[in-house]
Amino acid sequence: MEILKKDSEVDDLLKKIDSDIKKELSEKRYNHSIGVMKKAEELAKIYGVNANIAKLVGLAHDIGEELSKEEKLSYCEKNGIVIDDTERLNVGLLHGKIGADICKRRYGFTTEMQNAIKYHTTGNEHMDKLAKVIFVADKIEENRKYKDNRKAEKLEVARKLAKENLDMAVLFEIDESLEYTISKKELIHIDSILTRNRIIIDNKAEKK
Ligand SMILES: [Fe+2]
Ligand SMILES: [Fe+2]
């Protein structure tokens, strides 16, 4: 990616994204984005992912999150983003696909970077290491705090796991989210199931 040849160019793009999301997101979500950027950088270094790329994607990952439901739907319609049945009933999920599209247009994000943003909501069976880093960083960044003891304990388990085994950290987060979704009698996005199965299949194959 042309823009990433020099550290100064990365810094300029980080500054641009920072100033955009400061204007477009709430303070809470802005702080969350900074937290994801930092955690993504940390995990990228552990798992051999380009840390500059991880920082850019982490900072930008929720850029489409605070559009209203109507704005999300009309953005998809105008920009040819295909919406599936689960997303139509759970429009919030679309902020991954929308964010990826915004980052492609505004900042020239590569397909790999766009995919990491696209997949951070539901997961995807084709997630690469960058996408997994972003998926996990989103759930465990430093600003996430839970008053509920059980949730707080699980968060600590997830933070530890993230440093030890990226795939198991993804699986842990998917299971957490499935448990919650099932308890609420809500729809499960098929990509979450496919991601879960893919990780289990790949890890079983590795052990053989
Ligand atoms: Fe998000
Ligand atoms: Fe997020």
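Residues numbered from 1 in each chain as written. Chains lettered and ligands numbered in written order. Predicted model: local features only at pLDDT ≥ 70, side-chain atom pairs only at ≥ 80, totals over all residues. Heavy atoms only, no water.

Remarks on the coordination of the iron ion (ligand 1)
Reasoning step 1: For the iron ion (ligand 1), every protein donor is listed as Asp 62 (OD), His 95 (NE2) and His 120 (NE2), and the spread of their distances is 2.1 Å.
Reasoning step 2: Site description for the iron ion (ligand 1): donor spacing in sequence, D-x32-H-x24-H.
Reasoning step 3: Accessibility expressed as a relative area gives 8% for His 95, which makes it buried.
Reasoning step 4: Judged by relative accessible area, His 120 falls into the buried class, the value being 3%. (Donors = N, O, S within 2.8 Å, 3.2 Å for Na, K, Ca; no water. Buried < 20%, exposed > 50% of the residue type's maximum accessible area, 1.4 Å probe, protein only.)

Some words on the coordination of the iron ion (ligand 2)
Reasoning step 1: The protein atoms that coordinate the iron ion (ligand 2) are His 32 (NE2), His 61 (NE2), Asp 62 (OD) and Asp 138 (OD), at distances spanning 2.2 Å.
Reasoning step 2: Between the four donor atoms coordinating the iron ion (ligand 2), the angles at the centre fall across 80 to 173°, so the site counts as irregular.
Reasoning step 3: Read N to C, the donor residues that coordinate the iron ion (ligand 2) are spaced as H-x28-H-D-x75-D.
Reasoning step 4: Separating the iron ion (ligand 2) from the iron ion (ligand 1) is a distance of 3.4 Å, and Asp 62 supplies a donor atom to each of them. Taken as a pair, His 32 in helix H2 (residues 27–47) and Asp 138 in helix H8 (residues 129–140) lie far apart in primary sequence, 106 residues in all. Both residues of the pair, His 32 and Asp 138, count as buried. (Tetrahedral: all angles 85-135°; square planar, octahedral: opposite > 155°, others 65-115°. Helix = DSSP H or I, 4+ residues; strand = E, 2+ residues; numbered from the N terminus.)

Functional significance is not addressed by these values, which are geometric in nature.
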